[in-house]
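Here are the chains, one letter per residue:
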Amino acid sequence: MSEKPVLWVTRKLSASTEARAARDYCVILNPDDTLASADDIVEMSRKVDAILPCHSEIFDRDVAGRLASRVRIIANHSVGVDHCDLEALSSRGIVVTNTPDVLSDATAEIAMLLLLGAARRAAEGDILVRNGQWRSWSPSFMVGHQVTGKRLGIVGMGRVGQVMARRAAGFDMEIHYHNRSRLDPELENGAVFHAELDSLLEVSEFLSLHCPATAETRGLMNARAFSMLPDNAILVNTARGALVDESALLEALDSGKVAAAGLDCFQTEPGGNPAFAGHPNVFMLPHIGSATFETRDAMGFRALDNLDAYFSGREPRDRVA
């Protein structure tokens, strides 16, 4: 093209990503990292050919319908696309891409951190030492749940789920999983497939969620699902907050059915659910599963790769709509 396309990068990204974007596009950056409202998105769409947003920008049916016709592609800086109404955007002729593959290791690391932290009462221990409240020790002090040799159930055996399975195998955990389809034997690595979620829940001493948030999976972990877990089970969620009925989780924690939880995502973000703060057995992080320097560069470059392909007349590698 004789003129560079105009690209809006909605949030502050890695320095390497922004430098590459500035080299190849007429780029509009957001150095103050402010969050755009629906009206902001619509207004900016009149000025740009492409948008590189994060999960924080919502492209629902209303926004999709109001976007200026100038916008031709939305190249997400995320794997999940539940913030995008793909049908509505596609009907407008807008291409949508995401950034798979590159954040699997980082997210699985956080999942293992949450699993270990929830099981071994890391949040409680940190507070005791940090606040100068650690004044005694005994064999009954800060006793948690051992991870080694326990059964781990994985819901969603995609890229992140498979990495999580390999990491957990290093702790000699027995891996079980539920997926839309069974993996090939070489990818299973001995994991036990459950065609039905119920049978997975029944054996999962630890349960880690790695599936996308869809109409079918929203509220997946509800009161019935929690009741099917073994007593003293531990839940880990690094996928999407919408997968968990938070009221049901709180009830399961209060009753002792669920011993602990490790959460990196919540129904309301940012902010989380203040009701969890009163539960010392909930280990929480502010949705930082992919927050490593290496992964942020890789995500930004993957989004730009998709933009480069589109504007050079090629099919973007990671097109989802």
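Scroll up for the structure.
Chemist: I keep staring at a nonpolar patch on the surface and nothing clicks. Help me out?
Modeler: Taken together, the side chains of Val129, Trp134 and Trp137 define a hydrophobic patch exposed on the protein surface, amounting to about 410 Å² of accessible area. Examined against the element boundaries, Trp137 turns out to sit in the loop between α6 (122-130) and β6 (151-155).

Chemist: What am I meant to see in the environment of Asn179 here?
Modeler: Within the fold, Asn179 resides in the loop between β7 (174-178) and α8 (185-188). Overall, Asn179 belongs to the buried group, its relative accessible area being 17%. In this structure the C-alpha to C-alpha distance between Asn179 and Gly161, which are 18 residues apart in sequence, comes to 9.8 Å. Not counting the four nearest positions on each side in its chain, Asn179 is found in contact with Gly156, Met157, Gly158, Phe193 and His194. In terms of polar contacts, Asn179 uses its side chain to reach the backbone amide nitrogen of Met157, at 2.9 Å. Polar side-chain contacts of Asn179 include one of 3.0 Å to the backbone oxygen of Ser181.

Chemist: Is there a simple way to explain the pattern of salt bridges in this structure?
Modeler: In a structure, side chains of opposite charge can pair up when their charged atoms sit close to one another. All told, the structure shown has 23 salt bridges when counted by the stated rule. Its salt-bridge partner being Arg11, residue Glu57 comes within 3.9 Å of it at the nearest N-O pair. Residue Glu57 is found in the loop between β3 (50-52) and α3 (61-66), and its partner Arg11 is found in the loop between β1 (6-9) and α1 (15-24); the two are separated by 46 residues along the sequence. An identical accessibility class is assigned to Glu57 and Arg11; each is buried. In this structure, Arg20 engages Asp305 in a salt bridge whose closest nitrogen and oxygen atoms are separated by 2.7 Å. With Arg20 in helix α1 and Asp305 in helix α12 (residues 293-311), this residue pair connects regions lying 285 residues apart in the sequence. A network of salt bridges, in which partner residues are shared, links Asp101, Arg159, Arg302 and Asp318.

Chemist: Just checking my understanding: could you explain the nonpolar core for this structure?
Modeler: A general feature of soluble globular proteins is that nonpolar side chains tend to end up buried together. Leu207, Met221, Phe226, Leu235 and Leu249 are the most contacted members of the largest nonpolar core, which has 30 residues in total. Of all the elements in the fold, those that place two or more residues in this core are α9 (197-203), β9 (206-209), α10 (223-228), β10 (233-237), α11 (246-255) and β11 (258-263). Here this core takes 5 residues from α11, the largest share from any one element. Apart from the residues lying within four places of it in its own chain, the contact partners of Leu249 are Phe226, Leu235, Val244, Val258, Ala261, Leu263 and Phe276. One finds Ala118, Met164, Ile175 and Phe206 within the second-largest nonpolar core, a separate group that totals 28 residues.

Chemist: Sorry, what's going on with α1 here?
Modeler: Working note: α-helix, 3.6 residues per turn, so residues spaced by three or four point in the same direction. Among all positions of α1, only Thr17, Glu18, Arg20 and Ala21 are buried. Along α1, the residues classed as buried sweep out an arc of 165° about the axis, all on the same side. Of the exposed residues in α1, the ones pointing more than 90 degrees away from its buried face are Ala15 and Arg23. Those residues of α1 that are buried lie in contact with β1, β2 (26-28) and α12.

Chemist: Please clarify how the environment of Thr99 should be interpreted in this entry.
Modeler: By the element assignment, Thr99 lies in the loop between β5 (95-97) and α5 (104-119). In the structure, Thr99 is positioned 116 residues away from Ala215 in sequence and 21 Å away in space, judged by C-alpha atoms. Thr99 has contacts with Asn76, His77, Ser78, Val79, Met299, Arg302 and Ala303, leaving out every residue within four places of it along the chain.

Chemist: Is there a simple way to think about empty space enclosed by the protein in this case?
Modeler: Sizing a probe to match a water molecule and rolling it over the atoms shows the empty space that remains. On inspection of all chains with the given rule, the structure shows 2 cavities of 30 Å³ or more. Computed from the structure, the largest cavity encloses a volume of approximately 50 Å³. In terms of lining residues, the largest cavity is bounded by Gly117, Ala118, Arg121, Ala122, Ala123, Glu124, Ala260, Pro280, Asn281, Val282 and Phe283. Looking at the lining of the largest cavity, the elements with two or more residues in it are α5, α6 and β12 (282-284). The element that contributes the greatest number of residues to the lining of the largest cavity is α6, accounting for 3 residues. Residue classes in the lining of the largest cavity are distributed as 7 nonpolar, 2 polar and 2 charged. In this structure, the second largest cavity occupies an estimated 30 Å³ of space.

Conventions we followed
- Residues numbered from 1 in each chain as written.
- Predicted model: local features only at pLDDT ≥ 70, side-chain atom pairs only at ≥ 80, totals over all residues.
- Heavy atoms only, no water.
- Patch = residues over 30% accessible without salt bridge, like charges linked within 9 Å, V, L, I, M, F, W, Y side chains within 5 Å.
- Areas by Shrake-Rupley, 256 points an atom, 1.4 Å probe, with all protein chains shown as cover.
- Salt bridge = Lys/Arg side-chain N within 4 Å of Asp/Glu carboxyl O.
- Helix = DSSP H or I, 4+ residues; strand = E, 2+ residues; numbered from the N terminus.
- Buried < 20%, exposed > 50% of the residue type's maximum accessible area, 1.4 Å probe, protein only.
- Contact = heavy atoms within 4.5 Å.
- Polar contact = N/O pair within 3.5 Å; in protein donor to acceptor, adjacent residues only side chain to side chain.
- Core = buried A, V, L, I, M, F, W, Y, C linked by side-chain atoms within 4.5 Å.
- Arc of directions from axis to C-beta.
- 1 Å grid on protein atoms, 1.4 Å probe; cavity = no way out; pocket = protein on both sides within 12 Å on 5 of 7 lines; lining within 4 Å.
- Points joined across faces, edges and corners; volume = space filled by probe spheres on them.
- Nonpolar A, V, L, I, M, F, W, Y, C, P; charged D, E, K, R; others polar.

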